[in-house]
Amino acid sequence: MSALTVLQTINRVIGVLFLLCYFYQFLYVPVALRRKKRAAADGTIRRYAVLISARNEEAVIGQLLESIRRQDYPSGNLIAFVVADNCTDATAQVAKDAGAVVYERRDRVHVGKGYALNFLLSQIRDNWGDDYFDGYFVFDADNLLAEDYVSRMNEVFGPEHQIVTSYRNSKNFGDNWISAGYALWFLRDAAFLNGPRSQLGISAVVSGTGFLFGKDIMLRANGWPFHSLSEDTEFTVHNILEGERVGYCGEAEIFDEQPTHLGQSVRQRMRWVRGNLQVFLKEGGRLTAGLAGKNALSCLDLLLSIPPAIVLTVCGVVVGLALTVMELLSGGPVLPMLGATLASFIVPYLLLFFAGALTTATQWRHIHASTWKKLLYTLTFPLFMTTYVPITILALFGKVDWKPIEHRAVMNIQELK
């Protein structure tokens, strides 16, 4: 068998696996477009701790704490805790002045959000005990909350859902094509993945910030022992394997700031790709075994959505280019080969454009940007997603570590809306 034949066979196999990884998400679309019934609240008022990990966030953390104070939830049942993690600015003082309970952490060896959250939980447990709070919210310092955020999350939280994630929106969609690309991806993730998952009885997936977990979840894990480069994915997988089903509250809206510089974006997404791969290599076997358990569909969803699809995309691009070069070197017809190669890029572009356009159209009123920017950045969304190809290659073979993201979008929830 020639090398060219082998490459062609590999290319077909990659194409089939790619379709298997992505096709089921198209089945979610009609579910997402179906009118949803709001969950019936049981009226229980619970006590919650708000966990905020902040590193040099003096510019934005005050606005987050203000949005927490403005919640329509009983203020005595909501206490904000901030870990000022290796800060060299006035983050701790700004947070104290805004009414938060602040703990300062100095540790240059154990670096990352996971270690900071575990430190913060240990301080709360030492000073407040294990039973004072019913649940714990996790936010990033740049976040803003809609005024009914906690009330809506409290309606979904309970015995059936001890972990709940929310509708993730963006503060700075209109800054440029990079921030808009992030924003559309997170909006799609909320509306067309987590929403349908919840309606179909499949576990939602926690995405970085804007989620809630119960006391029993914390006690079973003995704090926050999730320290991979994608601690949110690790947390989700761990709890699904423990039999939990992450709930989703589409009425609870959170806003966060997205990167606007390509270099910063590349570093962040390299960390996500490498972190997801770490989780997949660590827990892939258990997720496969879970296909025979009560969370079978949730395990299958995670197996298909953590790293395989993007890795397969990269493999497909590399093999496709190799096929083109080999055909040209062997004296094959130039125009048909170039046409086939171009078609292999056009089809993914059209699929990504469809995903972005559908998200923009259905989430139009949630996107805080001018009409022309909404339309323009729908066109650039496939370009943003295509940058994942070189990013994945860099993540697979380059050096990846955790670095803080600088936030500059200073606004409160009233100015945003």
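In the block above lies the structure referred to throughout.
Description of the structure in this document. (Residues numbered from 1 in each chain as written. Predicted model: local features only at pLDDT ≥ 70, side-chain atom pairs only at ≥ 80, totals over all residues. Heavy atoms only, no water.)

Moving on, we come to the packing of helix H8 (residues 231-241) against helix H9 (residues 262-289). Close contact between H8 and H9 brings their axes to 10 Å; oriented N to C, the two are set at 10°. In terms of orientation, H8 and H9 fall into the roughly parallel class. Two secondary-structure elements touch here, H8 through Thr233, Glu234, Val237 and Leu241 and H9 through Asn276, Val279, Lys282, Glu283, Arg286 and Leu287. Its residues assigned to classes, the contact of H8 with H9 comprises 4 nonpolar, 2 polar and 4 charged. (Axes fitted to C-alpha atoms, helices over the stretch in contact; angles between N-to-C directions. Helix = DSSP H or I, 4+ residues; strand = E, 2+ residues; numbered from the N terminus. Parallel < 35°, antiparallel > 145°, perpendicular 65-115°, else oblique. Contact = heavy atoms within 4.5 Å. Nonpolar A, V, L, I, M, F, W, Y, C, P; charged D, E, K, R; others polar.)

Among the secondary structure elements, histidine 366 is positioned in the loop between helix H12 (334-362) and helix H13 (371-386). Residue classification places histidine 366 among the buried positions, given a relative accessible area of 17%. Remark: the alpha-carbon pair of histidine 366 and glutamate 253, spanning 113 residues in sequence, is separated by 9.4 Å. When neighbours within four sequence positions are excluded, histidine 366 is seen to be in contact with Tyr167, Asn169 and Glu253. A distance of 3.3 Å separates polar atoms of two side chains, one belonging to histidine 366 and the other to glutamate 253. (Buried < 20%, exposed > 50% of the residue type's maximum accessible area, 1.4 Å probe, protein only. Polar contact = N/O pair within 3.5 Å; in protein donor to acceptor, adjacent residues only side chain to side chain.)

Okay, helix H5 (residues 149-156) next. With 8 of 8 residues buried, H5 lies mostly within the body of the structure. Those residues of H5 that fall on the buried side of the exposure criterion are Tyr149, Val150, Ser151, Arg152, Met153, Asn154, Glu155 and Val156.

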